[in-house]
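Residues per chain are reported as follows:
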Amino acid sequence: MSGETPKKLRDTFKKKLEAAKNLEALEEVRLDFLGKKGNITANLKLLSTYPIDVRKELGAELNKLRMAIIDDLTKKKEGLEKEVLLEKIAGEFEDLTLPTLREDKGCVHPITQVKSELANIFSKMNFTVEEGPEIETDFNNFTALNIHDSHPARQSHDTFYINERDENSLPFLLRTHMSTVQIRTMKRDKKPMRMISMGRCYRSDYDSTHTPMFHQIEGLVIGPNITMGNLKWCLQNFLSIFFEVEKVSMRLRPSYFPFTEPSAEVDIGCKRTKENLMIDDYDEWLEILGCGMVHPNVLRSCDIDPEEFQGFAFGCGIDRLAMLKYGIPDLRTFFETDKRWLEHYGFKSLDVPGFMLGEKA
Ligand code: DAH
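Here the structure is a predicted model, which means the values were calculated and not measured.

Asks: How do you make sense of the sheet that holds strand 3 (residues 161–165) when you look at a structure like this?
Replies: Hydrogen bonding along the main chain pairs the strands of a sheet, whether they run parallel or antiparallel. Strand order in the open sheet formed by three strands is 2-4-3, and the pairing between neighbours is antiparallel. Looking along the sheet, the strands with just one partner apiece sit at the ends: strand 2 (135–136) and strand 3. Sheet analysis places strand 3 next to strand 4 (residues 171–174), joined by two bridges and oriented antiparallel. What sits directly across from Tyr 161, in strand 4, is Leu 173.

In structure tokens, the structure reads:
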């Protein structure tokens, strides 16, 4: 083993390298030559026993050989590793026809769905979407809307009051309708304007069509020469697009709201079968929303001159719209957070910003 010439060592190495057919065999060759007791190592140790001139020459040759061996071993190792990998890949089989695993992604709640449909419809008519707080002042919820202290409409709102008081020493309250946001927007923004606002409202009420928390959409248009005609066109357009019919049948029934004059309730024509409610044909009227021309007192309380600008407004239950469009019979179930209910009535998220949120799950 010892005292072999570098040439002989190289030849033996080449043969053994050639013969190594896998990584284990290659490791053995490495140990044979470069290991602690390997050939090259032993020959390098022997050097000290030679005369200085032999030592110099032979040492240089042995070191060169050692480097060449390391090089060869590395290359062969890379080659063998690649072979192993290719063999492994060839043995693996991916069946692309297998069904994918069902991913539980959750659903879009019908209220969220309808809110996004409404935002979509009204933004195409150039309305902005405004927001406001759920805890409101007495002024924004009542007084500015022409509902004074002693007004009987205050009783009909079944208001939740909060202990804290505002700057007028009046208790804060949970807003009873979305009309509060029209006050905030009229006070803040330049006229003319078109806006909707959507959100949670609160009244102390509970049965199959009322829950203490519910959702409303409020619409407001302020401009010069605004008339009931504009209001009627706007509502008919909105309701036809929302219910996906050519032209919804609609009637305005005189009514009373403190914040509008004249005021009207809007009914749409519908036909009920045992299971379905149809909007494209009708044999009865269904009340759907309240509306009217903004009362001059409301304009004045927002520093708008009624001689310069007029406006129309409307308010409508979002929950009710969702119940009618998607055939959901009981409002209370909306807020019971039952996953099975949501899987049945919810929508798949399509995740398309700016477009309708979902399709039926
Ligand atoms: N605020 C009313 C309510 O909650 C709904 C309403 C009716 C809003 C007529 C309006 C309107 O803007 O003009 O009962």
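Asks: Looking at this structure, how should I read the site of the ligand?
Replies: Contacts to the ligand come from 15 residues, most closely from His 177, Ser 179, Arg 203, Gln 216 and Glu 218. Between a nitrogen atom of the ligand and a side-chain N or O atom of Ser 179, the distance comes to 3.1 Å. Interatomic distance of 3.2 Å between a backbone N/O atom of Ala 313 and an oxygen atom of the ligand. Elements with a minimum of two residues in the shell around the ligand: helix 8 (179–188), strand 6 (213–223), strand 10 (284–294) and strand 11 (310–317).

Asks: Please explain the packing of aromatic side chains as it appears in this structure.
Replies: Two aromatic rings are characterised by how far apart their centres lie and by the angle between their planes. Overall, the coordinates contain 13 aromatic pairs when judged by the stated rule. Ring centres of Phe 13 and Phe 33 lie 5.2 Å apart, and the angle between their planes is 80°; on these two criteria the pair is classed as edge-to-face. Of this pair, Phe 13 sits in helix 1 (residues 6–19) while Phe 33 sits in helix 2 (residues 23–34), placing them 20 residues apart in sequence. Each of the two residues, Phe 13 as well as Phe 33, counts as buried. Relative to Phe 243, the ring of Phe 242 has its centre 5.0 Å away and its plane inclined at 80°; by these criteria the two rings are edge-to-face. Taking the relative accessible area as the measure of exposure, Phe 243 reaches 9% and is therefore buried. Among the aromatic side chains, those forming a connected cluster through ring pairs are Phe 122, Phe 127, Phe 238, Phe 242, Phe 243 and Phe 314. Against the face of Phe 242 rests Lys 325, its NZ or CZ located 4.5 Å from the ring centre. The ring of Tyr 206 has Arg 332 sitting right over it, with the charged end atom 5.6 Å from the ring centre.

Asks: Would you take a moment to explain the side chain of Gln 182 for this structure?
Replies: On the secondary structure map, Gln 182 appears in helix 8. If sequence neighbours within four positions are ignored, Gln 182 has contacts with Leu 145, Met 195, Glu 218, Leu 220, Val 298 and Ala 313.

Asks: Looking at this model, I keep getting lost on the environment of Lys 77. Mind explaining?
Replies: Position of Lys 77 relative to the elements: it lies in helix 4 (residues 52–91). Given a relative accessible area of 42%, Lys 77 falls into the partly exposed group. When the C-alpha atoms of Lys 77 and Leu 23 are compared, they prove to be 6.8 Å apart, with 54 residues separating the residues in sequence. Those residues within four positions of Lys 77 in sequence are excluded, and the remaining contacts are Leu 23 and Leu 26.

Asks: How should the confidence of the model for the protein be read in this particular structure?
Replies: Detailed reading of the predicted coordinates is not advisable wherever pLDDT is low. Looking at the protein, pLDDT values average 91 and 96% of them are 70 or higher. Considering only residues more than four positions removed or in separate chains, one finds that residues 351–355, a stretch of pLDDT under 50, has four contacts.

Asks: Explain the pairing of strand 6 here, please?
Replies: Regular strands place their side chains on alternate faces of the sheet. Of all eleven residues making up strand 6, ten are buried, and the element is well covered by its neighbours. Sheet topology note: the strand 5 (residues 193–202)/strand 6 ladder contains ten bridges and is antiparallel. When the bridges of strand 6 are listed, Met 198 appears paired with Ile 217. With eight bridges joining them, strand 6 and strand 11 adopt antiparallel strand pairing. Directly across from Ile 222, in strand 11, lies its bridge partner Gly 311.

Asks: How do you make sense of the layout of surface pockets when you look at a structure like this?
Replies: Where empty space is left can be seen by rolling a probe of water-molecule size over the atoms. Estimated volume of the largest pocket: approximately 1,100 Å³. If you go around the largest pocket, you meet 41 residues; those closest to its centre are Arg 203, Phe 214, Gln 216, Glu 287 and Gly 317. Mapped by element, the contributors of at least two residues to the lining of the largest pocket are helix 7 (153–156), helix 8, strand 6, strand 7 (250–257), strand 8 (260–272), strand 10, strand 11 and helix 11 (318–326). Counting residues per element, the lining of the largest pocket draws most heavily on strand 10, at six residues. Class assignment for the residues of the lining of the largest pocket results in 18 nonpolar, 14 polar and nine charged.

What counts, and at which threshold
- Counting from 1, residues in each chain are numbered in the order their sequence is written.
- Local features in this predicted model are restricted to residues whose pLDDT is 70 or higher, and side-chain atom pairs enter the listing and the counts only when it is 80 or higher, whereas totals over whole chains, interfaces and linings include all residues.
- Values shown for side chains rest on all heavy atoms present in the structure; no hydrogens or waters enter the calculation.
- In this analysis, strands are considered paired if DSSP registers two or more bridges between them.
- Under the DSSP-based scheme used, a helix requires at least four consecutive residues in state H or I and a strand at least two consecutive residues in state E, with every element numbered from the N terminus.
- Nearness is judged by heavy atoms alone; a residue qualifies as near a molecule or strand once a single heavy atom is within 4 Å of it.
- As used in this structure description, the phrase polar contact means that two N or O atoms lie within 3.5 Å; if the pair is within protein, one of them must be able to donate a hydrogen and the other to accept it, and residues adjacent in sequence are counted only when both atoms belong to side chains.
- Only the six-membered ring of Trp is used, alongside the rings of Phe and Tyr, when aromatic pairs are assigned; centres must lie within 6.5 Å, and planes under 30 degrees apart are stacked while those over 60 apart are edge-to-face, with the rest tilted.
- The buried label goes to any residue with under 20% of its type's maximum accessible area, the exposed label to any with over 50%, and the partly exposed label to all in between, with areas taken from a 1.4 Å probe on protein chains only.
- Here, a charge over a ring means that NZ of Lys or CZ of Arg falls within 6 Å of the ring centre while also lying within 35 degrees of the ring normal.
- Whether two residues are in contact is decided by their heavy atoms, any of which lying within 4.5 Å being enough.
- The predictor attaches a confidence to each residue, called pLDDT, with possible values from 0 through 100.
- Site definitions follow a grid-based scheme: protein atoms alone, a 1 Å grid, a 1.4 Å probe that fits but cannot get out for cavities, and for pockets an open set with protein on both sides within 12 Å along at least five of seven lines, plus lining residues having an atom within 4 Å of a point.
- Grid points are joined across faces, edges and corners, and a volume is the space filled by probe spheres set on the points.
- Residues are grouped as follows: Ala, Val, Leu, Ile, Met, Phe, Trp, Tyr, Cys and Pro are nonpolar; Asp, Glu, Lys and Arg are charged; every other residue, Gly included, is polar.

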